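Structural description and commentary
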Amino acid sequence: MSTGVAGLDEILSGGLVSERSYMVRGQAGSGKTILSFHFLQQGVDEGETALFINLEEDVRDLKANAAALGFDTDAIEFLDLSPSADVFVEEESYEVFAPAEVEREPLTDRIVEGVTAVDPDRVVVDPLTQLRFLLSDDYQFRKQVVGFMRFLKNRAATVLFTVQNTASLPTDDLEFITDGTIRLDAAEYGKTVRVPKFRGSATQSGEHAYRITDAGIVVYPALQPGQREGDAEFEQISSGIPELDELLHGGIERGTVSIVSGPTGVGKTTLSTQFMKEAAGRGERSVIYLFEENRETFLTRSRAINIPVDEMLEKGTLQVTEVEALEQSPQEFARMVREEVEERGADIVMIDGISGYRLTLRGEGDMMLQQMHALGRYLKNAGVTGILVDETRNVTGEFQATMENVSYLADNIVFLRHLEVEGELRKAIGVLKKRTSDFERTIREFRITEHGIVVGEPMSRLRGILSGTPEVVDREEKRNDCDE
């Protein structure tokens, strides 16, 4: 049975099991009540009877807030058991539920009467923990909850009840009673949803993201690398530059992950885009996610070096998306990638760059490798070629393959380097790693001109290139070294 939230249904492997009870746990403002309305609205849309039992919030406020989010409150039955103002005025007490009031009109009797009259298929109790204040101790509370859930189950209803966990009133004991638990939490990088318990079906483990919008809750499941298998053939993708293809022993293989690394301004993005330019000529679709550069700046620079980005965009062989890292969670970004791959048939996905992507985690550095690993595995399983741009810190000096320690994720590593040669600033390109084939182990000169990228002959007369300040070696000295 669908929860009414597509992403949550995906996490639950299709939805809830009917005629069972589920707990939604979270702090105030986490969206428990909104999720409950999604559940009931889905039932209404499917021709089922939906009942909302409110124990705390005023029913008028509930309906107004739900209607503002687009829920049809007229189609949902309400059993209003929230305390009224009369309780405070008549009793002249600050107690919301006075013992005399409970004895005069037992709450359980009202619930039984209301449920019997409506005979609902779906029931929401919001919040169930309000019943704790009506009973003498925790044992009685738990006993009443068990009886309440069995009563609803015997009437063939599926129940969603909310709880608010606090230090003084923990709700861990209720997890033993329910058939499943949905936990809404907040992390540094946004709101998260987990399903620690779910009887009767498998669920996707881990933390997933969600966002509260004007239309309710949107859930973004964590990327599952093994959820799709690609059937891409083993073939090489040419860069369109013969000298670069020579370095790569023919190009990069389809369905692999490549890292293009180097310091700022060396041409990493331009080099990566060259593969997309060539792919467009084959009618393939490429997607670029810009984490660190403005979209218009990227397009202007590409036009200046003879990359026909306007034509590629018009034909649909290129999509350029500017991503604001601090406004996205890793799961939200993963959803964007999945839509491009599964719905629009992307053949190449480029992330520019890794350090900007890391900002989506907002300080959770230990998660970065896990998220990158999942993304890389997903692309490979889908037969999609991934290109990750990684900016290293040092312009010259000590050589670094990657800045974020993600080299183990890559099938191919292409590095670019600034050089100072006899007082002139030059650039070099080389291949550090290639899993699927051999590669040329020389370092070649790299230039970006108004006509495009130019890769020169091997820089055999220079020694110490990786240091950034190489020395020129004359032919005689080099010949003597070889003889020795």
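This text follows the structure it describes.
Notes on the structure in this doc start here. Worth saying up front: this structure is predicted, and the values here are computed from it rather than measured. (Residues numbered from 1 in each chain as written. Predicted model: local features only at pLDDT ≥ 70, side-chain atom pairs only at ≥ 80, totals over all residues. Heavy atoms only, no water.)

**A word on the overall build of the chain**
The line we're drawing: Under the scheme used here, helices are H or I runs from DSSP no shorter than 4 residues and strands are E runs no shorter than 2 residues, and both carry numbers assigned from the N terminus. Each residue gets one of three labels from its accessible area relative to the maximum for its type: buried under 20%, exposed over 50%, partly exposed in between, using a 1.4 Å probe on protein chains only. Residues are treated as being in contact if the distance between any of their heavy atoms lies within 4.5 Å. Using a 1.4 Å probe, accessible areas were evaluated by the Shrake-Rupley method; residue-level cover was limited to the displayed protein chains.
When you go through the chain residue by residue, the secondary structure sums to 15 helices and 22 strands. Looking at the chain as a whole, 50% of its 484 residues qualify as buried. Summarising the internal contacts of the chain: among those between residues at least 6 apart in sequence, 69% fall at separations of at least 24. Summed over all atoms, the accessible surface of the chain reaches about 22200 Å², with 45% contributed by carbon and sulfur.

**Considerations on the side chain of S21**
Structurally, S21 can be placed in strand β1 (residues 21-26). Apart from residues lying up to four places away in sequence, S21 is in contact with M149, V159, F161, I177, T178, D179 and G180.

**Structural notes on the pattern of salt bridges**
This is how it is decided: The salt bridge definition used is simple: a Lys or Arg side-chain nitrogen within 4 Å of an Asp or Glu carboxyl oxygen.
Counted by the stated rule, this structure contains 28 salt bridges. A salt bridge links E10 to R335, with the nearest nitrogen and oxygen atoms 3.9 Å apart. With E10 in helix α1 (residues 6-11) and R335 in helix α12 (residues 330-343), the pair connects residues that are 325 residues apart, well separated along the chain. One salt bridge in this structure joins R285 and E340, with 2.8 Å as the shortest N-O distance. Remark: E340 occurs in helix α12 and R285 occurs in the loop between α9 (268-281) and β13 (286-290); sequence separation between them is 55 residues.

**Remarks on the sheet that holds strand β16 (residues 385-391)**
Spelled out, the test is: Two strands qualify as a pair provided that DSSP identifies no fewer than 2 bridges between them. A fitted line through C-alpha atoms serves as each axis, taken over the contacting stretch for helices, and the angle formed by two N-to-C directions is quoted from 0 to 180°.
Taken in spatial order, the 9 strands make up an open sheet running β14-β13-β15-β16-β12-β17-β18-β19-β20, and their pairing is mixed. Edge positions in the open sheet fall to β14 (318-322) and β20 (452-458), since each of these has one partner strand only. Direction aside, neighbouring strands of the sheet carry axes that sit 20° apart on average. As paired strands, β13 and β14 are joined by 5 bridges and run parallel to one another. Looking at the pairing, S286 lines up with L318 of β14. Along the sheet, helix α10 (residues 295-304) contacts β13 and β14; its crossing angle with β14, the most-contacted strand, is approximately 140°. Most of the contacts of α12 go to β13, to which it runs at about 165°, and overall it touches β13, β14 and β15 (348-352).

**Looking at the pairing of β16**
Burial runs high along β16: 6 of the 7 residues are buried. Strand direction decides the pairing type here: strand β12 (residues 257-262) and β16, joined by 6 bridges, are parallel. Residue pairing in the sheet places G262 in a bridge with E391 of β16. In this structure, β15 lies alongside β16, joined through 5 bridges in parallel fashion. Note on β16: the bridge partner recorded for D352 is V389.

**Remarks on unusual backbone geometry**
Along the chain, D126 connects to P127 via a cis peptide bond; the corresponding omega equals -15°. Structurally, the position occupied by P127 is in the loop between β4 (122-126) and α7 (138-154). D352 connects to G353 through a cis peptide bond whose omega is 5°. Position of G353 among the secondary structure elements: in the loop between β15 and α13 (354-358). At A156, a position not held by glycine, the phi torsion is positive, near 60°. As for its placement among the helices and strands, A156 is situated in the loop between α7 and β5 (158-163).

**With respect to the nonpolar core**
Heads up, the rule is: Side-chain atoms within 4.5 Å link the members of a nonpolar core, which is a set of buried Ala, Val, Leu, Ile, Met, Phe, Trp, Tyr and Cys residues.
Core analysis: the largest hydrophobic core is formed by 35 residues, its most contacted members being L244, L271 and I429. Among the elements that line this core, the one with the most residues is α9, at 5 residues. Every residue in contact with L271, bar those within four places of it in the chain, is listed here: L244, V260, V414, L416, I429, F446 and I453. In this structure, V5, A66, I182 and Y210 belong to the second largest nonpolar core, which totals 31 residues.

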